[in-house]
Amino acid sequence: MITYNNNYYYKYSDIPFFEKTLYYELIYKFVRRLSIEYPDFINWFNNLFTDSKELKLDREIIICESNYKIVGLAILKSSDYEKKICTLRVAEDYRNQGIATALLKVAFKELQCA
């Protein structure tokens, strides 16, 4: 976990197993509106996970939490052929506070691009 400007940044894969179902639901609620902008987004999102809510091997989600609330996240893909940020989202009330910049820094480090 990393702290920056009183926000906490951590990887979904570091969340204890017994909390993953809860965090899966919280993340889903945070990103579900993207289905308005991106056709079939929810199906794509669900395919990031195994049935037990573990991330598939080439995926990671960086979560930003403030006051026990998800306020930003980055969904990453890291395979032998492709390293990228698939989704970067910050809650509207938390924009212009450096959260996206911090998410990018953590994501680049995770993807070994910086």
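The model shown is predicted, which means the values in this text are computed figures rather than measured ones.

**Observations concerning the nonpolar core**
In a soluble, globular protein the nonpolar side chains are often hidden away together inside.
Then step 1. The biggest cluster of nonpolar side chains holds 35 residues, and the ones touching the most others in it are Tyr 12, Ile 27, Phe 45, Phe 49, Ile 61, Ile 63 and Ile 99.
Then step 2. Mapped by element, the contributors of at least two residues to this core are strand 2 (7-11), helix 1 (20-31), helix 3 (41-46), strand 3 (59-66), strand 4 (69-78) and helix 4 (99-111).
Then step 3. If we ignore the near neighbours within four places in the chain, the residues touching Ile 27 are Tyr 12, Phe 45, Ile 61, Ile 63, Ile 70 and Leu 73.

**What about helix 1?**
Then step 1. The end-to-end C-alpha separation of helix 1 is 16 Å, in line with the 16 Å expected for 12 residues at 1.5 Å each.
Then step 2. Among all positions of helix 1, only Lys 20, Tyr 23, Tyr 24, Ile 27, Phe 30 and Val 31 are buried. Buried residues along helix 1 cover an arc of 125 degrees about the axis, so they all sit on one side.
Then step 3. Next to the buried residues of helix 1 lie strand 2, helix 2 (34-37), helix 3, strand 3, strand 4 and strand 5 (83-90).

**Some details on the pairing of strand 2**
Then step 1. Bridge count for strand 1 (residues 2-4) against strand 2 is 3 bridges, and the pairing is antiparallel. Each bridged residue has a counterpart across the sheet, and for Ile 2 the counterpart in strand 2 is Tyr 9.
Then step 2. Bridging between strand 2 and strand 3 involves 4 bridges; their strand directions are antiparallel. Residue pairing in the sheet places Tyr 9 in a bridge with Cys 64 of strand 3.

**Some details on the pattern of salt bridges**
Two side chains with opposite charge may pair up if their charged atoms get near one another.
Then step 1. By the definition in use, this model includes 6 salt bridges.
Then step 2. In this structure, Lys 20 and Glu 54 form a salt bridge, with 2.9 Å as the shortest nitrogen-oxygen distance. A residue pair is termed long-range when its members are at least 10 positions apart, and Lys 20 in helix 1 and Glu 54 in the loop between helix 3 and strand 3 qualify at 34 residues.
Then step 3. In this structure Lys 20 comes out as buried when scored by relative accessible area, which is 4%.
Then step 4. Under the relative-accessibility criterion, Glu 54 is labelled partly exposed at 24%.
Then step 5. In this structure, the salt-bridge partner of Arg 59 is Asp 58, at a minimum N-O distance of 3.7 Å.
Then step 6. Among the charged side chains, a network of salt bridges with common partners joins Lys 77, Glu 82 and Lys 84.

**As for helix 4**
Then step 1. For helix 4, which comprises 13 residues, the first-to-last C-alpha distance of 18 Å matches the rise-based estimate of 18 Å (1.5 Å per residue) to within 8%.
Then step 2. Ile 99, Ala 102, Leu 103, Val 106, Ala 107 and Leu 111 are the residues of helix 4 that are buried. Taken end-on, helix 4 shows its buried residues confined to a sector of 165 degrees, consistent with a single buried face. Turned more than 90 degrees away from the buried face of helix 4 sit Lys 105 and Lys 109, all of them exposed.
Then step 3. Along its buried surface, helix 4 packs onto strand 1, strand 2, strand 3, strand 4 and strand 5.
Then step 4. The first or second residue beyond helix 4 is Gln 112, which carries a positive phi of 60 degrees.

Parameters and conventions
- Residues numbered from 1 in each chain as written.
- Predicted model: local features only at pLDDT ≥ 70, side-chain atom pairs only at ≥ 80, totals over all residues.
- Heavy atoms only, no water.
- Core = buried A, V, L, I, M, F, W, Y, C linked by side-chain atoms within 4.5 Å.
- Buried < 20%, exposed > 50% of the residue type's maximum accessible area, 1.4 Å probe, protein only.
- Helix = DSSP H or I, 4+ residues; strand = E, 2+ residues; numbered from the N terminus.
- Contact = heavy atoms within 4.5 Å.
- Expected span 1.5 Å × (residues − 1).
- Arc of directions from axis to C-beta.
- Pairing = 2+ DSSP bridges.
- Salt bridge = Lys/Arg side-chain N within 4 Å of Asp/Glu carboxyl O.

Distances and angles like these do not, on their own, reveal function.
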